[in-house]
Amino acid sequence: MGILEKIQDIENEIKRTQKNKATEYHLGLLKAKLAKYRVQLIEGSKTKSEKGEGFDVMKSGDARVVMIGFPSVGKSTLLSKLTPQESIAAAYEFTTLTCVPGKFKYNGAQIQLLDLPGIIEGASQGKGRGRQVIAVARTADIVLMMLDATKPTRQRELLEAELEAVGIRLNQSFPNVSFKIKKAGGISFNATVKLNYLDAKMVHNILHDYKIFNADIVIREDINVDQFIDVILGDRRYIRCIYCYNKVDQITMEELDRLAHEPDSVVVSCEQDLNMDYLVECIWKKLNLMRVYTKRRGEYPDFDDSLIVRNGATVEHVCHAIHRSLAESFRYALVWGTSTKHNPQRVGINHQVHDEDVIQVVKK
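Rules behind the numbers
- Residues numbered from 1 in each chain as written.
- Predicted model: local features only at pLDDT ≥ 70, side-chain atom pairs only at ≥ 80, totals over all residues.
- Heavy atoms only, no water.
- Phe/Tyr/Trp six-rings, centres within 6.5 Å; stacked < 30°, edge-to-face > 60°.
- Helix = DSSP H or I, 4+ residues; strand = E, 2+ residues; numbered from the N terminus.
- Buried < 20%, exposed > 50% of the residue type's maximum accessible area, 1.4 Å probe, protein only.
- Pairing = 2+ DSSP bridges.
- Salt bridge = Lys/Arg side-chain N within 4 Å of Asp/Glu carboxyl O.
- Axes fitted to C-alpha atoms, helices over the stretch in contact; angles between N-to-C directions.
- Contact = heavy atoms within 4.5 Å.
- Expected span 1.5 Å × (residues − 1).
- Arc of directions from axis to C-beta.
- Parallel < 35°, antiparallel > 145°, perpendicular 65-115°, else oblique.
- Left-handed = near helix turned anticlockwise from the far one by under 90°.

Novice: Help me understand the packing of aromatic side chains, please; the structure alone is not making it clear to me.
Specialist: Geometrically, a pair of aromatic rings is defined through the distance of the ring centres and the angle of the planes. Evaluated as defined, the whole model comprises three aromatic pairs. For the pair F174 and Y238, a centre-to-centre distance of 5.6 Å together with 75° between the ring planes defines the contact as edge-to-face. Residue F174 is located in the loop between β5 (168–170) and β6 (177–181), and its partner Y238 is located in strand β9 (residues 237–246); the two are separated by 64 residues in the primary sequence. Y238 sits in the partly exposed class, given a relative accessible area of 21%.

Novice: Is there a simple way to think about unusual backbone geometry in this case?
Specialist: Peptide bonds are trans in most cases, and residues, glycine excluded, mostly fall at negative phi. The peptide bond linking N343 to P344 adopts the cis configuration, its omega dihedral lying at -10°. Residue position: P344 is located in the loop between β13 (330–336) and β14 (345–347). Not every positive phi belongs to a glycine, and K211 is a case in point at roughly 60°. With respect to the helices, strands and loops of the structure, K211 is situated in the loop between α6 (200–209) and β8 (215–219). For K211, a relative accessible area of 67% puts it in the exposed group.

Novice: For this particular structure, what's the right way to read the pairing of strand β3 (residues 109–115)?
Specialist: Counting buried positions along β3 gives six out of seven residues, so the element sits mostly inside the fold. Looking at chain direction, strand β1 (residues 63–68) and β3 are connected through five bridges and run parallel. Residue pairing across strands places M67 opposite D115, the latter belonging to β3. The pairing of strand β2 (residues 100–106) with β3 spans seven bridges and is antiparallel. Across the sheet, Y106 pairs through a bridge with A109, a residue of β3. Linking β2 back to β3 in an antiparallel pair, the connection comprises two residues, with N107 at a positive phi of about 50°.

Novice: Could you clarify how one ought to interpret the pattern of salt bridges in this entry?
Specialist: Oppositely charged side chains are able to pair whenever their charged atoms sit close together. For the structure on display, the rule yields 17 salt bridges. The partner of E262 in a salt bridge is R258, and the shortest N-O contact between them spans 2.9 Å. Of the charged contacts, one joins K286 and D264 as a salt bridge, the two residues approaching to 2.8 Å between their closest N and O atoms. Here D264 lies in the loop between α8 (253–260) and β10 (265–267) and K286 lies in helix α9 (residues 276–287), a separation of 22 residues in the sequence. Residues joined by salt bridges that share partners form a network here, namely R156, E160, E255, R258 and E262.

Novice: When you look at the sheet that holds β14 in this model, what are you seeing that I'm missing?
Specialist: Two pairing modes exist for strands in a sheet, parallel and antiparallel, and in both the strands are linked by backbone hydrogen bonds. In space, the five strands of this open sheet follow the order β12-β11-β15-β13-β14, with mixed pairing throughout. The open sheet has two edge strands with one neighbour each: β12 (307–310) and β14. With direction set aside, neighbouring strand axes in the sheet form an average angle of 40°. With four bridges joining them, strand β11 (residues 289–294) and β12 adopt antiparallel strand pairing. Pairing of M290 across the sheet is with V309, part of β12. Contacts from helix α10 (residues 315–322) reach β11, β12, β13, β14 and β15 (357–363) within the one sheet, and its direction differs from that of β15 by about 75°.

Novice: Where do I start with helix α1 (residues 3–16) in this structure?
Specialist: What sets the pattern is the α-helix's 3.6 residues per turn: residues three or four places apart point alike. With 14 residues, α1 ought to run about 20 Å at 1.5 Å a step, and its terminal C-alpha atoms sit 20 Å apart, in line with that. Within the sequence span of α1, burial applies to I7, I10, E11 and I14. Angularly, the buried residues of α1 cover 100° about the axis, an arc narrow enough to put them on a single face.

Novice: Please explain the packing of α6 against helix α7 (residues 225–233) as it appears in this structure.
Specialist: Where α6 meets α7, the axes come as close as 11 Å, and the angle between the chain directions of the two elements is 45°. Between α6 and α7, the interaxial angle falls into the category oblique. Seen along the crossing, α6 lies across α7 with a hand that is right-handed. Of the residues in α7, those in contact with M202, V203, I206 and L207 of α6 are V225, F228, I229 and I232.

Pasting the structure below:
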């Protein structure tokens, strides 16, 4: 029996099993086996060379946004609207057969937008070159999930399931769990909160299934079996996602209002150019980027050319953005902006900057 058949058997057994307190332990072990087989499936595909053109595109700009969706949902049209890049759009499915990169500028940041071929159900198992498409999604700063507003909501669930199967977690954070493998001493299990989905026996059995017999585990939040398996594997990608509903000009106002109020969702019409500015603004907010301006001694700040850094960046990150060797000769910095108590304020290399701060670096 191949890996695909084993995965199918376990998924069928999970569907058949009633979910209650008595079956929680059995379901937990099944999910552990399922995750292990999926990892083997992905690793096995890496060793085999697939025919056809690859989708690997060099990362450029300050951030990367990847569009994921079923065929004919408007990905190519959106790319052509937001960037100078032309991507073929037509009324038939699978118009785009390879990755088409584009780039647009917003608030001084260069944002790379990738138009990927439409994926089909079963993409995580390799159908329709789905693994290559999803592999590019793992490199994204944001996943822009393109959905057809005229079709049932099941399309979103199917796409989420395909991404989930290859270790992409959308709009989630890494579980607050400390997990360290050691050479001897057995398994030490501690929890600082009440656990409703895990217990010591289940943790031990899951670890033994992965051939881990010596480890220290401290759980600081109430997690489920799937999240604990993610911690063990350690190769999951936690990516922010925007659900973009296209073709809203073809649905009722009531349906439009319902979709617009869903979390992390934006409604647009690429053909009619409706709400495109708001979509770009949402992408900027999700990317969590900041603008920092530089200033030379005795001169005005350069507001035309900003440095783009991640939210929470320090003066050290700004120095690296200016030049990789600047941090070594750093003496102090003068900062103007909302991150200081007075303007200017002399700060050290660990000072955290805010959006649109002005910084002057003084070298030794």
